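Below, each chain spelled out in residue letters.
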Amino acid sequence: MSSRATLFSVCVAVAAGFLTSVAAQAPNALAARVQVLEDRDAIRALLVSYAHTLDTRDFDAFEQLWAKDAEFVGGARNNAKGPKAIRDLLQGLLGKNGAPVPGRDFHLVMNQTVDVNGDTATGYSRGTWVNTNAAEKRLQWSIITNYYDQFVREGGRWKFKRHQIGGTPPAGSSTN
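Here the structure is a predicted model, which means the values were calculated and not measured.

## Some remarks on the pairing of strand β6 (residues 157-165)
Okay, step 1: Two strands pair when backbone bridges link them, and strand β1 (residues 66-73) and β6 are joined in this way by four bridges, in the parallel orientation. By the bridge assignment, E71 is partnered in β6 with R162.
Okay, step 2: Bridge count for strand β5 (residues 138-154) against β6 is eight bridges, and the pairing is antiparallel. What sits directly across from V152, in β6, is K159.

What follows is the structure, given as structure tokens:
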């Protein structure tokens with residue numbers, strides 16, 4: 001066999017091995033990409049649930065959105081650790097600042113970015129709280145802020161690990 005034929009045979013064998021390897025990995029790569037998309041969608045639904053449970057004052061459901069070692073970092077030193085403490089903090093704040101009846105104020109979560117890394121993720125979104133001006137009986141923007149989040153998959157569900165309202169982006173956040 002000539003050296004050209006030998007070289008050609010070696011190239012064909014290497015290419016065949018490479019293509020076989022790529023074909024074997026393709027289903028796994030596709031499954032991983034689909035999983036990231038499903039995770040992002042679940043995290044975006046978690047952000048919407050955060051707003052919805054606050055607006056409906058469903059604090060039992062609100063407490064379930066938080067990982068067992070979660071941290072809430074709010075403005076004006078409104079910080080809490082753990083699902084129960086976070087629930088109590090937000091329930092108290094809405095008791096003081098929210099409408100007396102659910103449905104008269106609401107949270108909007110928008111412009112969401114989510115970076116998934118296995119069972120953890122980071123995110124950035126814009127949060128807005130709209131409430132009713134009692135004197136003028138009209139809706140008004142009360143707060144517009146940035147949310148910096150860390151998420152964790154716990155018990156098969158995505159939950160908040162850390163939720164920071166406003167301030168400086170944490171090191172390593174998706175906005176750095």
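## Re the sheet that holds strand β3 (residues 106-117)
Okay, step 1: Here six strands make up an open sheet; going across it, the order is β2-β1-β6-β5-β4-β3 and the pairing mixed. Bordering the open sheet on either side are β2 (79-81) and β3, each of which pairs with just one other strand. Across this sheet, the average inter-strand angle for adjacent strands is 20°, counted without regard to direction.
Okay, step 2: Here β3 pairs with strand β4 (residues 120-133) via ten bridges, running antiparallel. Looking at the pairing, L108 lines up with T128 of β4.
Okay, step 3: Helix-sheet contacts for helix α3 (residues 83-97) involve β1, β2, β3 and β4, and the interaxial angle to β1 is about 40°.

## So, the pattern of salt bridges
Okay, step 1: Tallying each qualifying case throughout the model produces ten salt bridges.
Okay, step 2: Ionic pairing is found between E63 and R87, a salt bridge with its closest N-O pair at 3.0 Å. Here R87 lies in helix α3 and E63 lies in helix α2 (residues 59-63), a separation of 24 residues in the sequence.
Okay, step 3: Relative accessible area serves as the criterion here: at 19%, E63 is assigned to the buried category.
Okay, step 4: Overall, the relative accessible area of 16% leaves R87 in the buried class.
Okay, step 5: Measuring nitrogen to oxygen at the nearest pair gives 3.3 Å for the salt bridge that ties R162 to E71. Of the two residues, R162 sits in strand β6 while E71 sits in strand β1, which places them 91 residues apart along the sequence.
Okay, step 6: Each of D39, D119 and R153 takes part in one network of salt bridges that share partners.

Definitions and limits used
Residues numbered from 1 in each chain as written. Predicted model: local features only at pLDDT ≥ 70, side-chain atom pairs only at ≥ 80, totals over all residues. Heavy atoms only, no water. Pairing = 2+ DSSP bridges. Helix = DSSP H or I, 4+ residues; strand = E, 2+ residues; numbered from the N terminus. Axes fitted to C-alpha atoms, helices over the stretch in contact; angles between N-to-C directions. Contact = heavy atoms within 4.5 Å. Salt bridge = Lys/Arg side-chain N within 4 Å of Asp/Glu carboxyl O. Buried < 20%, exposed > 50% of the residue type's maximum accessible area, 1.4 Å probe, protein only.

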